[in-house]
Amino acid sequence: MTRDTYLKRSLGTLSKRIKESRVLLVGAGGIGCELLKNLLLTGFGEIHLIDLDTIDLSNLNRQFLFRFEHIKKSKALVAKEVSQKFQPGAKIEAYHANIKDSQFNVDWFATFDVVFNALDNLDARRHVNRMCLAADVPLIESGTTGFNGQVQVIKKSKTECYDCNSKEVPKSFPVCTIRSTPSQPIHCIVWAKSYLFPELFGISEDDPEEFDYSEDTENAEEIANLRKEAQALKEIRQSMGSSEFTQKVFDKVFKEDIVRLCGMEDMWKTRKPPEPLEFEKLQKETSDIDIAISSNDQKVWSLAENLVVFKDSLDRLSKRLKTLQESEKGDIRPILVFDKDDVDTLDFVTASANLRATIFGIDPKSKFDTKQMAGNIIPAIATTNAMTAGLCVLQALKVLRNDYERAKMVFLERSGVRAINSDSLKPPNPTCPVCSVARGEVNVNLERATVNDLVEKVLRGQLGYGEEFSLSTEQGTIYDPDLEDNLPKKLSDLGIKMKASSPLWTRKMTSHVLTWSSSRETALEEQPIVLETVPDIPRKPKAPTPPPVVEHANGTSGLGKRKRDVDEEEEELSNGDPPTKRVANVSISDGHQANPILLDETEDGAILIDD
């Protein structure tokens, strides 16, 4: 019997629906490889696969579709080629591209029956979530970390979306902590990877993901010192390739900079001051150490061993950069970039971070641990990926049946009696900044439509706005009652870009949002801008009336606080951030209060309407 025969016996009439389905898989990594295999073996007839990454050596232990000979090749293209053998009759389309590219617009998403997320970063997950909501396509979201995994079904207006619950943002570290007062191994690793390495072998620049460059008092002073030190390292860099280069770098970052820090006595009143290192003294302890020690990535190297690896890796990197400079012609200056799978760069970062850690009394880390921390590696286990991918397909079967009542949020957990736990899907969060929005499609000619057309014909004419509202783009406010200079200007002249079918997403502040997308851009004969369908703007129920404050003889109110404290809190709320919003003049006859409407702008060009 053929494989289809077993599928028909197991799935019945659903097998035909599966075979005719057109699905999108975003991500061809740990979960993506397993999921692609599962989709093909389940009988899905058309699969579109997209991934921006190429294959690394570190992927091979869990991404079973890839082999050593595939390293540096496109994950999506190789996955298509290898997985086609599981189901030769299936149609697989692979894209070596970014899911956020303009070609993958709302109309494109709307052609799929189900979308599967197998991503490893927050920004891309949020983008796919928003696109699926705009296209009204069900999304199966998944992720793993170590032994834990999660699968979530997302459907517009029926379930929570990915952003209904707040997510932890990537950790960044203040410059003053990284540069002056490190207290954890990760602080030293970030310093070696994002400061010292690019200063010597790359381009001196801020790393927004790991350095917090906010201009507070402490950071401002440290940023000034950072620039001075960068200039000093730039001068030392000129001696690269000479016999004294290594000692110059060592003395600069592990002695002179530390002596400067020790001179700031106020900084060390409550903490132990750092202890600078002496190159000559430490050099005497390295005579019997073999450089082969660097190959032992599980061992925590001693101080002298770290110096040996530091010197050797610095020499290796210097020669590589010199070779690149000699081979390149023109004005382009070659640079080296940190790569967790590059032995030379990893050796340098590990040794540099450990030398610095010793100075500040912090425990050093092995090369293996440094690789995980410097590469932001989330521990991945092949079995967890495989189980999660299987659960994704099981939930997809319920989605194709339109059986959202039985679909679940599924968790893989190592603790407890059961490895798999589930929970019913929750309804959408009414205060979600993404899915609790009203959406409309605008037919617009950006070269003809003006701000006045948007304000008068759409916002006031079609949506019933009153006088008090403002309009903002990424560049700033373009209209409010006190700023009418932009009314005659064309939308294109103000940097507003509406790509065909691209959603204009919002960042919610304190209320619901009206999001717009441009379904087509055409030269309308009579009106250059028209809201084709007036959306149903959500309304908030009346806020409950607060209980009266009853003043007792002991000076407290009925709420358990003194009346004076309650009054003071109300005063603080009225004067604090965020400021009170002005509400649009929209009449409501059913006893409910209209939600203020915000049309916010992101990189796709949305507009913020602040009532």
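In the annotation of an unreviewed UniProt entry, the protein chain is listed under the name Ubiquitin-activating enzyme E1-like and assigned to Aspergillus rambellii. Quoted verbatim from the Subunit (unreviewed entry) heading of the UniProt record, the comment on the protein chain is "Heterodimer." Under the UniProt heading Pathway (unreviewed entry), the entry covering the protein chain gives this text: "Protein modification; protein sumoylation."

> How do you make sense of the nonpolar core when you look at a structure like this?
Buried together is how nonpolar side chains tend to be arranged in soluble globular proteins. One finds L200, F201, F250, F254, F310 and F348 to be the most contacted residues of the largest nonpolar core, which totals 48 residues. Where this core is concerned, the elements lending two or more residues are α8 (185-201), α9 (217-237), α10 (245-262), α11 (279-283), α12 (303-327) and α13 (343-359). Those residues within four positions of F310 in sequence are excluded, and the remaining contacts are T246, V249, F250, F254, F348, A351, S352 and L355. L35, L39, V78 and F116 belong to the second largest nonpolar core, which has 45 residues in total.

> In this structure, what is going on with the packing of aromatic side chains? I would like to understand it.
Two descriptors summarise a pair of aromatic rings, namely the distance from one centre to the other and the angle between the planes of the rings. All told, the structure shown has 15 aromatic pairs when counted by the stated rule. A ring pair is formed by W108 and F109, whose centres lie 5.5 Å apart and whose planes are at 85°; its orientation type is edge-to-face. An identical accessibility class is assigned to W108 and F109; each is buried. Relative to F112, the ring of W108 lies with its centre 4.9 Å away and its plane at 80°, an arrangement referred to as edge-to-face. For W108, a relative accessible area of 14% puts it in the buried group. Among the residues examined, F112 registers a relative accessible area of 4% and is labelled buried. Among the aromatic residues, ring-to-ring pairing joins W191, Y195, F197, F201, F250, F254, F279, F310 and F348 into one connected group. The ring of F112 carries the charged tip of R22 above its face, separated from the ring centre by 4.6 Å.

> Got a minute to help me understand the pattern of salt bridges in this structure?
Inspection of every chain in the model, using the stated rule, returns 26 salt bridges. Ionic pairing is found between D163 and R126, a salt bridge with its closest N-O pair at 2.8 Å. Of this pair, D163 sits in the loop between β6 (148-154) and β7 (173-174) while R126 sits in helix α6 (residues 122-135), and the two are 37 residues apart along the sequence. Classification of R126 as partly exposed rests on a relative accessible area of 25%. Notably, a salt bridge pairs E305 with K299, separated by 2.9 Å at the nearest N-O pair. In this structure E305 comes out as buried when scored by relative accessible area, which is 13%.

> Mind showing me how you'd approach the packing of α8 against α13 here?
How two helices sit against one another is set out by the angle between their axes and by the gap between those axes. Axis separation between α8 and α13 bottoms out at 9 Å; the angle between their running directions is 120°. In terms of orientation, α8 lies oblique with respect to α13. When the axes of α8 and α13 are compared, the crossing they make is right-handed. Of α13, the residues touching α8 (which contributes C188, I189, W191, A192, K193, L196, F197, L200 and F201) are T345, F348, V349, S352, A353, R356 and A357.

> What is the right way to read α13 from this model?
In an α-helix, one turn spans 3.6 residues; hence positions three or four apart end up facing the same way. Spanning 17 residues, α13 covers 24 Å between terminal C-alpha atoms, matching the ideal 24 Å at 1.5 Å per step. Here α13 lies mainly inside the structure; 15 of its 17 residues are buried. Between the side-chain oxygen at the start of α13 and the backbone nitrogen of D344 there is a gap of 2.9 Å, and the oxygen is on D342. Within two residues after α13, G361 carries a phi angle of roughly 70°, on the positive side.

> Where do I start with the pairing of strand β2 (residues 46-50) in this structure?
Every regular strand shows the same layout, with side chains that alternate between the two sheet faces. The element β2 is extensively covered by neighbouring structure, given that five of its five residues are classed as buried. Along β2, one buried face is formed by E46, H48 and I50 and the opposite face, lined by I47 and L49, is buried too. The pairing of strand β1 (residues 22-26) with β2 spans five bridges and is classified as parallel. For R22, the partnering residue across the bridge sits in β2 and is E46. Handedness of the crossover joining β1 and β2 through helix α3 (residues 30-42): right-handed. The pairing of β2 with strand β3 (residues 91-95) spans five bridges and is parallel. Counterpart to I47 in the pairing with β3 is I92.

> How should helix α15 (residues 382-400) be read in this particular structure?
With 19 residues, α15 should cover 27 Å at 1.5 Å per step; its first-to-last C-alpha distance of 27 Å lies within 8% of that length. Taken as a whole, α15 has its buried residues at T384, N385, T388, A389, L391, C392, V393, Q395, A396, L397, V399 and L400. Of the residues trailing α15, N402 is marked for its positive phi of about 60°.

> Please clarify how the pairing of strand β5 (residues 139-145) should be interpreted in this entry.
Judged by how many residues are buried, β5 sits mostly within the fold: six of seven residues are covered. Both strand β4 (residues 114-117) and β5 contribute to a ladder of three bridges, which runs parallel. Bridge pairing links F116 to I140 in β5. Handedness of the crossover is the feature at issue here: the chain leaves β4, passes through α6, returns alongside β5, and the resulting connection is right-handed. Inspection of the sheet shows β5 paired to β6 by seven bridges, in the antiparallel sense. Each bridged residue has a counterpart across the sheet, and for E141 the counterpart in β6 is Q152. Here β5 folds back onto β6 in antiparallel fashion, the turn holding two residues, of which G146 has a positive phi close to 65°.

Parameters at a glance
Numbering of residues starts from 1 in every chain and runs along the sequence as written. Totals for whole chains, interfaces and linings use every residue, but because this is a predicted model, local features are given only for residues with pLDDT of at least 70 and side-chain atom pairs only at 80 or more, for both listing and counting. Hydrogens and water molecules were not included; the side-chain quantities draw on all heavy atoms of the structure. UniProt positions are given in the numbering used here, feature names are shortened, and annotations may be inferred rather than shown by experiment. Among buried residues, the Ala, Val, Leu, Ile, Met, Phe, Trp, Tyr and Cys ones that are joined through side-chain atoms within 4.5 Å form a nonpolar core. Residue exposure (1.4 Å probe, protein chains only): buried if accessible area is under 20% of the type maximum, exposed if over 50%, otherwise partly exposed. Only runs of H or I of at least four residues qualify as helices and only runs of E of at least two qualify as strands under DSSP, and these elements are numbered from the N terminus. The criterion used for residue contact is that any of the two residues' heavy atoms lie within 4.5 Å. For Phe, Tyr and Trp, rings pair up if their centres lie within 6.5 Å, where Trp contributes its six-membered ring, and each pair is then called stacked (planes under 30 degrees apart), edge-to-face (over 60) or tilted (otherwise). We call a charge positioned above a ring when the Lys NZ or Arg CZ atom is no farther than 6 Å from the ring centre and deviates by at most 35 degrees from the ring normal. Only one rule defines a salt bridge in this text: a Lys or Arg side-chain nitrogen within 4 Å of an Asp or Glu carboxyl oxygen. Fitted lines through C-alpha atoms serve as axes, helices being fitted only where they are in contact, and the angles separating the N-to-C directions of these axes extend from 0 to 180 degrees. An angle below 35 degrees is read as roughly parallel, one above 145 as roughly antiparallel, one from 65 to 115 as roughly perpendicular, and any other as oblique. For a crossing to be left-handed, the near helix must be turned anticlockwise from the far one by less than a right angle; the clockwise case is right-handed. Given the number of residues in a helix, its expected span is that number minus one, multiplied by 1.5 Å. Pairing of N or O atoms within 3.5 Å defines a polar contact, subject to two protein rules: one partner must be a possible hydrogen donor and the other a possible acceptor, and residues neighboring in sequence count only if both atoms are side-chain atoms. Any two strands between which DSSP finds at least two bridges are classified as paired. When the strands point away from the viewer, a crossover counts as right-handed if the route from the first strand across the helix to the second turns clockwise.

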